[in-house]
Amino acid sequence: QVQLVESGGGLVQAGGSLRLSCAASGRTFSTYAMGWFRQAPGKERDFVAGISFGGGATNYANSVKGRFTISRDNAKNTVYLQMNSLKLEDTAVYYCAARMWGSEYLKPSDPDYWGQGTQVTVSS
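Residue numbers run consecutively from 1 along every chain, following the written order of its sequence. Reporting in this predicted model follows two pLDDT cut-offs: at least 70 for local features of residues, and 80 or more for side-chain atom pairs to be given and counted; totals over whole chains, interfaces and linings ignore these cut-offs and use all residues. As a rule here, side-chain values cover all heavy atoms of the structure and leave hydrogens and water aside.

Chemist: Describe the overall build of the protein, naming the residues involved and giving the relevant values.
Modeler: On a plain count of helices and strands, the protein comes out with zero helices and 11 strands. Going from N to C terminus, the protein has its helices and strands arranged as β-β-β-β-β-β-β-β-β-β-β. With respect to the three principal axes, the spread of C-alpha positions in the protein is 40 × 25 × 25 Å. Counting all 124 residues of the protein, 47% fall into the buried class. Helical segments are the DSSP runs of H or I of at least four residues, strand segments are the runs of E of at least two, and each set is numbered from the N terminus. The buried label goes to any residue with under 20% of its type's maximum accessible area, the exposed label to any with over 50%, and the partly exposed label to all in between, with areas taken from a 1.4 Å probe on protein chains only.

Chemist: Could you give me a rundown of the pattern of salt bridges, with the residues and numbers involved?
Modeler: Whenever Lys or Arg places a side-chain nitrogen within 4 Å of a carboxyl oxygen from Asp or Glu, that contact is recorded as a salt bridge. Evaluation of the coordinates by the stated rule reveals three salt bridges. As a salt-bridge pair, Arg38 and Asp90 come within 2.9 Å of each other at their nearest N and O atoms. Of this pair, Arg38 sits in strand E4 (residues 32–39) while Asp90 is found in the loop between strand E8 (78–83) and strand E9 (92–100), placing the two residues 52 residues apart along the sequence. Overall, the relative accessible area of 13% leaves Arg38 in the buried class. Under the relative-accessibility criterion, Asp90 is labelled buried at 0%. In this structure, Lys107 engages Asp110 in a salt bridge whose closest nitrogen and oxygen atoms are separated by 3.4 Å. It is possible to trace a salt-bridge network through shared partners that takes in Arg38, Arg67 and Asp90.

Chemist: Pulling in residues and values, what's your account of the packing of aromatic side chains?
Modeler: What counts as a ring pair is set by centres within 6.5 Å for rings of Phe, Tyr and Trp (its six-membered ring), and what kind of pair is set by the plane angle: stacked under 30 degrees, edge-to-face over 60, tilted for all other angles. Following the criterion strictly, the structure yields five aromatic pairs and no others. In this structure an aromatic cluster arises from ring pairing among Phe37, Phe47, Tyr95 and Trp114. Arg45 extends its terminal NZ or CZ atom over the ring of Tyr95, reaching a point 3.7 Å from the ring centre. Whether a charge sits over a ring comes down to the Lys NZ or Arg CZ being within 6 Å of the ring centre and within 35 degrees of the ring normal. In this structure, Arg72 packs its charged tip against the face of Phe29, placed 4.5 Å from the ring centre.

Bear in mind that shape data such as this cannot, by itself, settle questions of function.
Printed below as a string of structure tokens:
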């Protein structure tokens, strides 16, 4: 069993930055591909970014490429999402997710575990 706890969400002005963190329990973190998804009100949960279990490969949704960066620190059991140049349309609840032996190409149906989510609100 893996528990994921997100932090770092909040209110930010358009053009600003936020850094999300996701801390994972357990001793097998390095065997999980990790990802970030987001869900806006009335919309489906969408893939944002993924990172392979070794950290050597990453993948991004087109809407965040060049603005968001996913990274992981296996020694700290933590995955990060650095979000720069935030836009109004980035407003959503952001979820951390994990899939054992997965790849950076995660779909919403793939993860074995989900975090509880953290709200990101971008204002004008």
